[in-house]
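Spelled out, the chains give:
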Amino acid sequence: MKPLLLLAAVAAFLVPASARAYSVVTDVHVDLGSITYSAANGLGGRVHTDTVNYKPSEVLIYDGPAGSTQITRPSASQWDFLGVPAGGTLYYWPQSNIADRTYAGFEAQSIPSGTFASYQPADSRVPSAAQWLRIELVDVRFFDLSGEPGEASFSLWTVSGVGQAPTVWMASSDGISAEDSFFVTEGGHSHTNWGFSKAGYYQLDFRYSGYLQGSNTFVQSDVITYHLGVEYMPAAIPEPGALWLLGLAAVVLLSCPRFFSPKTQPVKQ
Amino acid sequence: MKRTTALLIALIAAATAHHGGAAPYENVYTSGHADLGVAYEEEEGGMHFHYHFGSDAVINGSPLGGDGGEYDIGDATTYVAPDTKLFININPSVNNMLGLGASGGDLWYLPQTQNPALPFLGLATEDLDAGDWNGGITFTLNSVTGPGQFSLWSNGTFGEFNFEFSTQNPGGTVGGDNAVTLPIGTHSHYNWGFTAAGIYEVSITVSGNHKDFGLVSDTQTVTFGVETTPVPEPATYGAAVGLALLGFLIARRRKLAAA
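Residues numbered from 1 in each chain as written. Chains lettered and ligands numbered in written order. Predicted model: local features only at pLDDT ≥ 70, side-chain atom pairs only at ≥ 80, totals over all residues. Heavy atoms only, no water.

Participant: Any chance you could explain the overall build of chain A here in plain terms?
Facilitator: Scanning chain A from N- to C-terminus turns up three helices and 18 strands. By the burial criterion, 52% of the 269 residues in chain A qualify as buried. Partitioning the intrachain contacts of chain A with sequence separation of at least 6 by distance along the chain shows that 71% fall at a separation of at least 24. Surface accessibility of chain A: about 11300 Å² in total, with carbon and sulfur atoms responsible for 58%. (Helix = DSSP H or I, 4+ residues; strand = E, 2+ residues; numbered from the N terminus. Buried < 20%, exposed > 50% of the residue type's maximum accessible area, 1.4 Å probe, protein only. Contact = heavy atoms within 4.5 Å. Areas by Shrake-Rupley, 256 points an atom, 1.4 Å probe, with all protein chains shown as cover.)

Participant: Help me out: how do you make sense of the sheet that holds strand β12 (residues 161–166) of chain B in this one?
Facilitator: Sheets are built from strands that pair by backbone hydrogen bonding, the pairs being arranged parallel or antiparallel. All names here are of chain B. Taken in spatial order, the five strands of this open sheet run β7-β8-β15-β11-β12, and their pairing is antiparallel. Strand pairing shows two members of the sheet lacking a second neighbour, β7 (85–88) and β12, which therefore form its edges. Averaged over all neighbouring strand pairs, the angle between strand axes comes to 35°, with direction disregarded. (Pairing = 2+ DSSP bridges. Axes fitted to C-alpha atoms, helices over the stretch in contact; angles between N-to-C directions.)

Participant: When you look at the interface of chain B and chain A in this model, what are you seeing that I'm missing?
Facilitator: Think of interface size as the accessible area that goes away when the parts come together; that is how it is often given. Across the boundary between the two partners, chain B contributes 32 residues, which contact 38 residues of chain A. Summing both partners gives a buried area of about 2500 Å² for chain B against chain A, and 53% of it is carried by carbon and sulfur. Among the residues chain B hides against chain A, the three largest losses belong to Q114, T157 and F158 of chain B. Together they make up 28% of the total. Our count for the chain B to chain A interface comes out at 15 residue pairs in polar contact (both at pLDDT 80 or more). Looking at the side of chain B that touches chain A, the elements with two or more residues in it are β7, β8 (105–110), β11 (150–155) and β14 (187–189) of chain B. Each residue belonging to the side of chain B that touches chain A can be placed in one class, and the counts come to eleven nonpolar, 19 polar and two charged. (Buried area = accessible area lost by both parts, 1.4 Å probe. Polar contact = N/O pair within 3.5 Å; in protein donor to acceptor, adjacent residues only side chain to side chain. Nonpolar A, V, L, I, M, F, W, Y, C, P; charged D, E, K, R; others polar.)

Participant: I tried to follow the nonpolar core on my own but got confused; where do I start?
Facilitator: Burial of nonpolar side chains together is a common tendency in soluble globular proteins. Residue and element names in this part refer to chain A. Residues W194 and F206 are the most contacted members of the largest nonpolar core, which totals 48 residues. Broken down by element, this core gets its largest block of residues, six residues, from strand β9 (residues 132–143). Residue contacts for F206: discarding those within four places in its chain leaves L32, F106, I135, E136, L137, V138, M170, W194, D222, V223, I224 and Y226. (Core = buried A, V, L, I, M, F, W, Y, C linked by side-chain atoms within 4.5 Å.)

Participant: What am I meant to see in the environment of S197 of chain A here?
Facilitator: Residues and elements named next belong to chain A. Following the sequence through the fold, S197 ends up in the loop between β15 (193–196) and β16 (200–211). Here S197 falls in the buried class, since its relative accessible area comes to 13%. For the pair S197 and P94, spaced 103 residues apart in sequence, the C-alpha separation works out to 15 Å. What S197 contacts, discounting residues up to four positions off in sequence, is L82, G83, V84, T89, Y91, A152, S153 and Y202. Only 2.8 Å separates the side chain of S197 from the backbone nitrogen of S153, close enough to count as a polar contact.

Participant: What is the right way to read the packing of aromatic side chains from this model?
Facilitator: Applying the stated rule across the entire model yields 39 aromatic pairs over all chains. Their ring planes at 25° and their centres at 5.3 Å tell us that F143 of chain A and Y201 of chain A sit as a pair that is stacked. Taken together, the positions of F143 of chain A in strand β9 and Y201 of chain A in strand β16 put the pair 58 residues apart, joining distant regions of the chain. Grouping residues by exposure puts F143 of chain A and Y201 of chain A together as buried. Their ring planes at 40° and their centres at 5.4 Å tell us that F150 of chain B and F194 of chain B sit as a pair that is tilted. Note that F150 of chain B is positioned in strand β11 and F194 of chain B in strand β15 (residues 191–194), a separation of 44 residues in sequence. On the accessibility criterion, F150 of chain B (0% relative accessible area) is buried. Cation over ring: R101 of chain A sits above Y92 of chain A, and NZ or CZ is 4.8 Å from the ring centre. (Phe/Tyr/Trp six-rings, centres within 6.5 Å; stacked < 30°, edge-to-face > 60°. Lys NZ or Arg CZ within 6 Å of the ring centre and 35° of its normal.)

Participant: I keep staring at the side chain of H191 of chain A and nothing clicks. Help me out?
Facilitator: Residue placement: H191 of chain A occurs in strand β14 (residues 189–191). Polar side-chain contacts of H191 of chain A include one of 3.3 Å to the backbone oxygen of A104 of chain A. Within the structure, the side chain of H191 of chain A is placed 3.2 Å from the side chain of H189 of chain A, a separation counted as a polar contact. Among all residues touching H191 of chain A, those that are not within four sequence positions of it are H29, D31, Q95, Y103, A104, G105 and T158 of chain A together with T113, H187 and H189 of chain B.

Participant: Please clarify how the pairing of strand β7 (residues 89–93) of chain A should be interpreted in this entry.
Facilitator: Residue and element names in this part refer to chain A. Across the five residues of β7, four count as buried, placing the element largely inside the fold. Bridge count for strand β6 (residues 70–72) against β7 is three bridges, and the pairing is antiparallel. Within β7, the residue paired with Q70 across the bridge is Y91. Relative to β15, β7 runs antiparallel, the two sharing three bridges. Paired with Y92 across the bridge in β15 is G195.

Participant: It is not clear to me how the environment of G159 of chain B should be interpreted in this structure. Could you clarify?
Facilitator: As for its position among the elements, G159 of chain B is in the loop between β11 and β12. Those residues in contact with G159 of chain B that lie beyond four places of it in its chain are V159 and G163 of chain A.

Participant: Can you help me understand the confidence of the model for chain A in this one?
Facilitator: Any region with low pLDDT has predicted coordinates that should not be read closely. Chain-level statistics for chain A give a pLDDT mean of 85 and a share of 81% at 70 or above. In the predicted structure, residues 1–20 of chain A sits below a pLDDT of 50 and forms 21 contacts with residues beyond four places in sequence or in another chain. (pLDDT = per-residue confidence, 0-100.)

In structure tokens form, the structure reads like this:
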């Protein structure tokens, strides 16, 4: 166990029980965005490691200690989306499985096959029609090393196997819109690079959506908040009660009609 | 009487062939998620290196569905389609590791990132229990038979090439040894590269240090079909002939009965 983890475990007992109760996932393969579906509950999300499932509200996905996740941003302008100047320090989680690093991805392998319809999203980044589930970035909140709210950029990208330009799926550096989306297929599984412009505590809000097979009905999850520690563990992550309030606030904020019209339509096969 | 005897022989030939082991060409994997995974079965021969297909894996044109499935490695071929071919010229060092000429060349490759139209093939140790092992599982490339060069690499965060296997320059791989070690209980995705069309037989050994049984291993040959799939072996042609003879005789009997 890393010394920092021990410290965190000790510190956990020094703060009120209601505020400190969270698990930590670090240094392992973790499907941060594990998408679930049932007819009764619709689309939802959990955090899935190879051995445990967590509620997103109860787990910090962490990589550290300080210094271990840093890399120098290359100077080419294709990396501007990272929100870090050329030659500056980027904090990152890798797309490839590296020993002692957090290997975070998305999966929809627990969804019964044949639940979702095949379609081609109106998105040039998506290569072909498939039973796509969309992962939409709704909001990013950042807290610095003293726990104060601040400004930082989050990004999600993949690089191809043969050295071409990166495919940028999400980047908060230029604001957040429907373009800040990633896609995974029903039954599928995918890994990306995760970039952060500063060390600290990030809250990422994701929403999952797709079209049901047969009816082509558009379905989407609630806004689900994930808690990420970038070389830093906060004293507490919000309790589910507080999250529920955040969720309610998000629903109120998003209650303008454009958020309810699908951005893309399914293509009949 | 003679016809009945012939019919029996044809039936026996077909039935016998059916009970033989499946061959790579019988199950062609064309898209979806799969891992080459390691299991340990104490009662059934120890280390078992196998295909673990996801529910979205397409075999012989249809998704497996359900929970996917496990196949012996010798029972399937991974297909690398013509449209995976790209002209690649990165730099002389990377070109060399890929097995291309100094100024680049054509490369067929299955990507580390998911493209639903292609096989999305990884390596996995998810079936194993960390409590049973000292250290991780090592995947070692033994040999490759095929029309060109083979390499396996992962992507760095800014697009760098981290080679794990290369038939062209094993000494230049990450460990300098054509081997990659994964911790227990995980999986990892890679790019799989080939420099010519045709059938590749890629021999890989998985090995690990089991707490009760010591050093254990399994070696399997993974078949890749680049723009092609393997053809049936001669023994299996016999079965095909038997089936054809059976069909002919049935048709002939029907014709005779009708007359």
